[in-house]
Amino acid sequence: MPADPVLDAAAGDQLPSLEEIRALPKVELHAHLSGSITQEKLIELLARRGNGDTFTPFDCRLDLSNALEKCFDYFAKVATVVTDLQALRESTLHVLEFFAADRCIYLELRTSPKQFKLNAVESDGVEVLTTKLQYLQAVSDSIQEFQSQAQARFGFVMEVKVLLSVDRGRVTSKESALQQIDDIVAMHVQYPNLVVGIDVCGNPSKPTVLPYLIPALLERKDAFLKLPITFHTAETQDDEESRLVLSSMRELNIRRLGHVCFFPDECREEVLKGGIHADGGCVGIEICPTSNLVTRGLKNGLADHHFLDWWKKSDHVLLSINTDDTGLFSCDLSSEIHDLARAFRLSREDLIEIQRQALRSSFHPEKQRLLETFDAMLSSSKVDSEQAAKRLKTVPS
Ligand SMILES: CNc1ncnc2c1ncn2[C@@H]1O[C@H](COP(=O)(O)O)[C@@H](O)[C@H]1O
């Protein structure tokens, strides 16, 4: 393999530089809409509202104490800012532009559909709310607006699909879990080309998965044949829950697992062994480096991340590197990939392989076409890198 002059010049060894990673086409499979709004954007939205409410920017990597609590306080704060469909449209557009500017070619954006209060009150005194379908319509409008300008602004059109999230933190009974699931299934019927899967997320300290969520999902299992699931798993230690998620994967068409920070060894070995799904499909593992570092409280940094438990361990697993919440974690897709590459000495080829694995584990219905787009953009990024290297060589020292 010929040496890569840009890479060598940047790092002095085979470690790709942040700039080189920025130039690569990339894939994001695990990004929550609200958590991906940058802190600057939140401050801007609040300032425009002008009611004196503000927000002090912070870097949650600097203090790992009570991390999960801080994360969920942050989401609660965002919910006080994105309180209507217009703010939702604007913040969605902002998130899409943020990822496209980082050369993300495919974004699988996840969000739990919400209802916003309208000022109107019905005659019986009941508050009028927007519908969850209007929420999805607003997200869809923003995607269309973004894509209509993307070629001119970014030189390519980032593809975007949506996963609708079931929030375990809002589940209080099996019925309330069924309500969330049924709403999502109904929205998928309305937007079959946009909604490509279901995400199960929310505060992992809420013990709702065993008693309510899995039983509710099982009751609706036929719906997931067309709507695969990705499940936040073992973000905190709960071996019983991990085992239940694992044993439900086939029946519920759970194709990907998020985080898996505290996944028990025997569960991991079962996934690595393969045979989870009847069709022989692989299991996607969504790694979110900074998020995992913060919520696991890895004081020694990413070197202690569980990435190596999965990387190159099995042909039955497809890895992806993701951001989770770029706003909350003050990161972007390239910085996440770069941090992980530095921690584990990953080469450019490794990173390209991971992007391909991410595409293969995505819920996009036309993976082959996306892989071809990826390859085409990869060759042009190589040309760009070589041209940059030539320019570097001609710069007088
Ligand atoms: C830190 N790791 C995480 N673990 C679990 N759930 C998370 C999460 N990060 C985000 N969310 C989920 O995504 C919601 C925000 O986006 P949306 O309002 O849906 O767009 C959060 O309220 C939480 O339910």
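Scroll up to find the structure this text is about.
Just so it is clear, the model here is predicted, and its values are computed rather than measured.

### Concerning the overall build of the protein chain
In terms of regular secondary structure, the protein chain is built from 15 helices and ten strands. The C-alpha radius of gyration computed for the protein chain amounts to 21 Å, which stays within 12% of the reference 21 Å derived for 397 residues, consistent with globular compactness. Projecting the C-alpha coordinates of the protein chain onto the three principal axes gives extents of approximately 75 × 50 × 40 Å. Residue burial in the protein chain is summarised as follows: out of 397 residues, 43% are buried. Long-range contacts, defined here as pairs at least 24 residues apart, represent 79% of the contacts in the protein chain between residues at least 6 apart.

### Quick notes on the packing of helix α5 (residues 85–101) against helix α6 (residues 132–154)
One can describe the packing of α5 onto α6 by two numbers: an axis separation of 9 Å at closest approach and a directional angle of 40°. Crossing hand, α5 versus α6: right-handed. Residue-level contacts link Leu 85, Leu 88, Arg 89, Thr 92, Leu 93, Leu 96, Glu 97, Ala 100 and Ala 101 of α5 to Gln 134, Tyr 135, Ala 138, Val 139, Asp 141, Ser 142, Ile 143, Glu 145, Phe 146, Ala 150 and Phe 154 of α6. Partitioning the contact of α5 with α6 into residue classes produces 13 nonpolar, three polar and four charged.

### Quick notes on helix α8 (residues 209–219)
Each full turn of the α-helix corresponds to 3.6 residues, which orients residues three or four apart in the same direction. Regarding α8, the residues found buried are Val 209, Tyr 212, Leu 213, Ile 214, Ala 216 and Leu 217. One face of α8 carries all of its buried residues, which in axial projection span an arc of 165°.

### Looking at the site of the ligand
Lining the immediate surroundings of the ligand are 19 residues, of which His 32, Leu 33, Ser 34, Phe 75 and Thr 111 lie closest. Among the elements of the structure, α4 (67–81), β5 (159–167) and α11 (289–296) are those that each provide at least two residues to the shell around the ligand. Of the residues assigned to the shell around the ligand, the class counts are four nonpolar, eleven polar and four charged.

### What to know about the sheet that holds strand β6 (residues 195–201)
In space, the eight strands of this open sheet follow the order β1-β2-β5-β6-β7-β8-β9-β10, with parallel pairing throughout. Every other strand in the sheet has two partners, leaving β1 (26–32) and β10 (317–321) as the edge strands with one partner each. Neighbour to neighbour, the strand axes of the sheet diverge by 25° on average, direction disregarded. Where strand β8 (residues 254–259) lies against strand β9 (residues 283–287), three bridges are found, and the strand directions are parallel. Of the residues in β9, the one forming a bridge with Gly 258 is Glu 286. Running over the sheet, helix α7 (residues 174–190) touches β5 and β6 and is turned about 160° from β5.

### What to know about α11
Most of α11 sits out of view: seven of its eight residues are buried. Pro 289, Thr 290, Ser 291, Asn 292, Leu 293, Val 294 and Thr 295 are the residues of α11 that are buried. Buried residues along α11 sit in contact with α4, β8, β9, β10, α12 (326–329) and α13 (333–344). Backbone geometry just downstream of α11 places Gly 297 in the positive-phi region, at approximately 65°.

### Points about the pairing of β10
Of all five residues in β10, five are buried; the element is thus mostly enclosed. Residue alternation in β10 divides its side chains into two sets, Val 317, Leu 319 and Ile 321 and Leu 318 and Ser 320, and both sets are buried. Bridging between β9 and β10 involves five bridges; their strand directions are parallel. Residue pairing across strands places Val 283 opposite Val 317, the latter belonging to β10.

### Observations regarding unusual backbone geometry
You will see that Lys 312, though not glycine, has its phi angle at about 60°, which is positive. In this structure, Asp 324 takes a positive phi of about 70° despite not being glycine. Topologically, Asp 324 is positioned in the loop between β10 and α12. Look at Asp 324 and you get buried, because 29 C-beta atoms sit within 10 Å.

### A few points about the pairing of strand β2 (residues 104–111)
Extensive coverage of β2 is indicated by the burial of eight of its eight residues. Sheet topology note: the β1/β2 ladder contains five bridges and is parallel. Bridging across to β2, Ala 31 finds its partner in Leu 109. In this sheet, β5 lies alongside β2 in parallel orientation, the contact comprising six bridges. By the bridge assignment, Arg 110 is partnered in β5 with Leu 163.

Conventions used here
- Residues numbered from 1 in each chain as written.
- Predicted model: local features only at pLDDT ≥ 70, side-chain atom pairs only at ≥ 80, totals over all residues.
- Helix = DSSP H or I, 4+ residues; strand = E, 2+ residues; numbered from the N terminus.
- Rg over C-alpha atoms; globule rule 2.2 N^0.38 Å.
- Buried ≥ 20, exposed ≤ 12 C-beta atoms within 10 Å, placed from the backbone.
- Contact = placed C-beta atoms within 7 Å.
- Axes fitted to C-alpha atoms, helices over the stretch in contact; angles between N-to-C directions.
- Left-handed = near helix turned anticlockwise from the far one by under 90°.
- Nonpolar A, V, L, I, M, F, W, Y, C, P; charged D, E, K, R; others polar.
- Arc of directions from axis to C-beta.
- Near = placed C-beta within 6 Å.
- Pairing = 2+ DSSP bridges.

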